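As a plain string of letters, each chain reads:
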Amino acid sequence: MHKVRSSAKSVFLSRLSLTISSLFLLLAFTASMPLAAQDDITTQHGSSGYSGVFITGPASNPLSFLNGPGGRTTANPAHYDFHDFAPMTDLDAALPDWIHLSAEERFRYEAYDNSNFKAAVDDSYILNRFRFEVDVHASSWLRVTAQVQDARSGFQNAPIGPPNTVRWDMKLAYAEIGAPDKHWFSLRVGRQLINYNNTIMANSEWRNQGRSYDAAVLNLNAKREHVGIFAASAVVPQAYGVSPHQEGNNIYGAYGRVDGLLVQHSSLEPFFLWRVQPAEVVEAPVAKTTGKENEKAVGLRYKAQTNSTFDFTGELIYEGGKVGPQSIDAWAGQIGAAYQFLNVATKPRIFTQYDYASGNGNPKTNTTHSTFDTMYPTAHDRFGIIDEFGWQNIEAVRAGTTIEPHRRLTLTAQGLDFWAASALDSVYNTSGSSIVYNKTPPKGRHVGAEIDGYSWYELNKHFNLGGGVGYFGGGQFLTNVTTSHSYTTYYIALNFKDNGKK
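Note that the structure is a prediction, hence the values are computed from the model and not measured. (Residues numbered from 1 in each chain as written. Predicted model: local features only at pLDDT ≥ 70, side-chain atom pairs only at ≥ 80, totals over all residues. Heavy atoms only, no water.)

**Student:** Explain the overall build of the protein chain here, please?
**Tutor:** Across its full length, the protein chain carries five helices and 21 strands. The buried share of the protein chain, reckoned over its 502 residues, is 53%. Within the protein chain, counting contacts between residues at least 6 apart in sequence, those at least 24 apart form 64% of the total. Surface accessibility of the protein chain: about 20900 Å² in total, with carbon and sulfur atoms responsible for 62%. (Helix = DSSP H or I, 4+ residues; strand = E, 2+ residues; numbered from the N terminus. Buried < 20%, exposed > 50% of the residue type's maximum accessible area, 1.4 Å probe, protein only. Contact = heavy atoms within 4.5 Å. Areas by Shrake-Rupley, 256 points an atom, 1.4 Å probe, with all protein chains shown as cover.)

Structure below.
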């Protein structure tokens, strides 16, 4: 198996120069096309399935109006069971056309047992998040947006702070030149969301704080070709006041998209990312030594939908550069597919996905850093709803199904199995921190298996209600290094979002 993987990696690396050349040729071609109206999809709807729908189900992205045009039920003409409630829309309608208001409220109860696989490290608490946004359209080509957010937790064990408690922060504050629905370009400068690709750069909405970026983003759009060019620094959430970004911790990049390649409903997405950090931990499992990071990633993703029933996604990313004294040589890939039976009463949708992210053969002796860097991913349901693992030193298989027993209700069940790509490296959480590290000679790579069940119900156009439970049982990798080999989590959530008249 190791020889097969090594051979596959060699083939991948031998084609890397061709991939890089193709990427820049494609981006150059995109920028030279006669450009038309921009729809802002490049930055706002970059999740793992076609047109924003997740391959794996609606855990963090309920298939509803609340998450924009990316979900299957957005265009569902069936009526809701409850009357709508939209106070911002009513208020907004009474205001002049140049000003728009919107508001969000999210309440969630969640609990877990044996956090980080430590026995009796349990907690349960409530989370509340409120957002209020004002958009001022100074002209047809200039918009200024500001959004404040208050995120708090209650009854949570100490320490209490980010990301669950971030009081009265400035979530968004940007100016945008160029109207997305009228002009061939737009330039957005200031604090904003970036969601090019939820596997490696996203806003991670499941967190109580979520993620913002202080950034400049230029989007160029033709009819089928799109490119986003950006320079950004992720905001570091603080418990009180306006959160700053960390000086010198920056990410730059170009993210392209070509629609309708091979099949009509599809997108091919080449991208290049360049990340620099002044003091990154070089090998988190074995030491706290820090060094400067200069990391470059090149990737290609393809996602498609055929006949409104079959979704497919595939992605490859290679990372190189330097971190401290070590060179970086890491890679990751994923492939997923889903099929929905529209002629069956409950419209069952079956899905499966495979993920791989490289790890270090031996962090104590390696002179090359081979653990894949997941950068800024979504933090929920990347590897099941327990949210224990990140896309680093991991091999994962997932399969499940979603049914719709009611026109506004979805039920999802799924199973996952996990292995460490390298048995002598750590397993990592969604923030890239080491959870447990195997210091002994490897006796097994199997980390464990997980089963999940969750549901979402759309009360009306602006409210939905959901809940879920996930259980993880450890494998031989964990039995080598921990005393607790299981983890359980469960939640209940109520979401409200009213975007006003816009």
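Next comes the rest of the write-up.
**Student:** Sorry if this is basic, but what is going on with the confidence of the model for the protein chain here?
**Tutor:** Note that predicted coordinates carrying low pLDDT should not be read in detail. For the protein chain, mean pLDDT is 83; residues scoring 70 or higher make up 84% of the total. In the predicted structure, residues 1-46 sits below a pLDDT of 50 and forms 87 contacts with residues beyond four places in sequence or in another chain. Taken together, the stretch residues 68-75 has pLDDT below 50 and engages in 21 contacts with residues farther than four places along the chain or on a different chain. (pLDDT = per-residue confidence, 0-100.)

**Student:** Sorry if this is basic, but what is going on with the nonpolar core here?
**Tutor:** Across soluble globular proteins, nonpolar side chains have a tendency to be buried as a group. Core analysis: the biggest nonpolar cluster contains 43 residues, and Met201, Phe418, Val447 and Phe472 have the highest contact counts within it. Look past the residues within four positions of methionine 201 in its chain and what remains in contact with it is Ile194, Asn195, Tyr196, Tyr213, Phe230, Ile251, Leu273, Tyr376 and Pro377. Counting residues in hydrophobic clusters, the runner-up holds six residues, among them Trp206, Ile385, Tyr454 and Ala493. (Core = buried A, V, L, I, M, F, W, Y, C linked by side-chain atoms within 4.5 Å.)

**Student:** What's the story with the environment of alanine 345 in this structure? I'm lost.
**Tutor:** With respect to the helices and strands, alanine 345 occurs in the loop between β12 (326-340) and β13 (349-357). Judged by relative accessible area, alanine 345 falls into the exposed class, the value being 76%. With 58 residues separating them along the chain, alanine 345 and isoleucine 403 place their C-alpha atoms 9.2 Å apart.

**Student:** In this structure, what is going on with the pattern of salt bridges? I would like to understand it.
**Tutor:** Two side chains bearing opposite charge may form a pair once their charged atoms approach each other closely. Summed over the entire model, instances satisfying the criterion amount to 18 salt bridges. Of the charged contacts in the structure, one is a salt bridge between aspartate 81 and arginine 407, with a shortest N-O distance of 2.7 Å. In this pair, aspartate 81 sits in the loop between α3 (41-44) and α4 (87-93) while arginine 407 sits in the loop between β15 (394-406) and β16 (409-419), placing the two residues 326 residues apart along the sequence. By relative accessible area, arginine 407 is classed as partly exposed at 29%. With its nearest N and O atoms 2.7 Å apart, the salt bridge here joins arginine 275 to aspartate 373. With a gap of 98 residues between them, arginine 275 in strand β9 (residues 265-281) and aspartate 373 in the loop between β14 (368-369) and β15 connect regions that are remote in the sequence. Residue classification places aspartate 373 among the buried positions, given a relative accessible area of 12%. Sharing partners across several salt bridges, the network here consists of Glu104, Arg129, Arg131 and Glu205. (Salt bridge = Lys/Arg side-chain N within 4 Å of Asp/Glu carboxyl O.)

**Student:** Explain a nonpolar patch on the surface here, please?
**Tutor:** A cluster of nonpolar residues, Phe107, Tyr109, Leu465, Val469, Tyr490, Ile492 and Leu494, forms a patch on the protein surface that exposes about 570 Å² of accessible area. Elements that contribute at least two residues to the nonpolar patch include exactly β1 (99-113), β20 (463-474) and β21 (486-498). In terms of residues, the nonpolar patch owes the most to one element, β21, which gives three residues. (Patch = residues over 30% accessible without salt bridge, like charges linked within 9 Å, V, L, I, M, F, W, Y side chains within 5 Å.)

**Student:** How do you make sense of the pairing of β21 when you look at a structure like this?
**Tutor:** Two faces make up the sheet, and in a regular strand the side chains alternate between them. Where β1 meets β21, eleven bridges bridge the pair, whose relative direction is antiparallel. By the bridge assignment for β21, phenylalanine 107 is matched with leucine 494. Of the strand pairs in this sheet, β20 and β21 are connected by eleven bridges, and their pairing is antiparallel. In the sheet register, glycine 466 faces β21, and the bridge partner there is alanine 493. (Pairing = 2+ DSSP bridges.)

**Student:** I keep staring at the environment of aspartate 90 and nothing clicks. Help me out?
**Tutor:** Tracing the chain through its elements places aspartate 90 in helix α4. Remark: the alpha-carbon pair of aspartate 90 and lysine 501, spanning 411 residues in sequence, is separated by 8.1 Å.

**Student:** Would you explain the pairing of β9 in this entry?
**Tutor:** Relative to β9, strand β8 (residues 250-259) is paired through eight bridges, and the arrangement is antiparallel. Directly across from tyrosine 255, in β9, lies its bridge partner phenylalanine 271. Between β8 and β9, which pair antiparallel and follow one another directly, the connecting turn spans five residues, one of which, glycine 260, has a positive phi of 70°. Pairing of β9 with strand β10 (residues 290-306) involves 15 bridges; the strand directions are antiparallel. Looking at the pairing, serine 267 lines up with lysine 303 of β10.

**Student:** I tried to follow the packing of aromatic side chains on my own but got confused; where do I start?
**Tutor:** The description of an aromatic ring pair rests on the distance of the ring centres and on the angle between the ring planes. Scanning the entire structure with this criterion turns up 22 aromatic pairs. Measuring from ring centre to ring centre gives 5.3 Å for phenylalanine 117 and phenylalanine 472, while their planes differ by 50°; the resulting arrangement is tilted. Linking phenylalanine 117 in the loop between β1 and β2 (123-139) with phenylalanine 472 in strand β20, this pair joins segments that are 355 residues apart in sequence. Residue phenylalanine 472 is classed as buried on the basis of its relative accessible area, which comes to 0%. On the numbers, 4.9 Å between centres and 75° between planes, the contact of tyrosine 339 with phenylalanine 341 is edge-to-face. Tyrosine 339 sits in the partly exposed class, given a relative accessible area of 34%. Through successive ring pairs, a cluster of aromatic residues spans Phe117, Phe383, Phe389, Phe418 and Phe472. Across the ring face of phenylalanine 383, the terminal group of arginine 382 is positioned such that the distance to the ring centre comes to 5.0 Å. Seen from the ring of tyrosine 80, arginine 408 lies directly overhead, with NZ or CZ sitting 3.9 Å from the centre. (Phe/Tyr/Trp six-rings, centres within 6.5 Å; stacked < 30°, edge-to-face > 60°. Lys NZ or Arg CZ within 6 Å of the ring centre and 35° of its normal.)

**Student:** Hey, could you run me through the side chain of aspartate 123 in this one?
**Tutor:** Summarising the element assignment, aspartate 123 is placed in strand β2. For the buried residue aspartate 123, which engages in no salt bridge, the nearest side chain bearing the opposite charge is arginine 108, 12 Å off. Separated by 3.1 Å, the side chain of aspartate 123 and the backbone nitrogen of asparagine 157 make a polar contact. Aspartate 123 has contacts with Glu110, Ala111, Tyr112, Phe155, Gln156 and Asn157, leaving out every residue within four places of it along the chain. (Lys, Arg positive; Asp, Glu negative; His and termini not counted. Polar contact = N/O pair within 3.5 Å; in protein donor to acceptor, adjacent residues only side chain to side chain.)

**Student:** What am I meant to see in the side chain of serine 486 here?
**Tutor:** With respect to the helices and strands, the residue serine 486 is situated in strand β21. For serine 486, the residues in contact, after removing those within four places along its chain, are Asp113, Asn114, Phe117, Tyr471 and Phe472.

**Student:** Teacher, can you tell me more about unusual backbone geometry here?
**Tutor:** Most peptide bonds take the trans form, and the phi angle of most residues other than glycine is negative. Between alanine 158 and proline 159 the backbone carries a cis peptide bond, its omega angle lying at 0°. In this structure, proline 159 sits in the loop between β3 (142-154) and β4 (166-177). Along the chain, proline 162 connects to proline 163 via a cis peptide bond; the corresponding omega equals 0°. Here lysine 347, not a glycine, exhibits a phi torsion of approximately 50°, which is positive.

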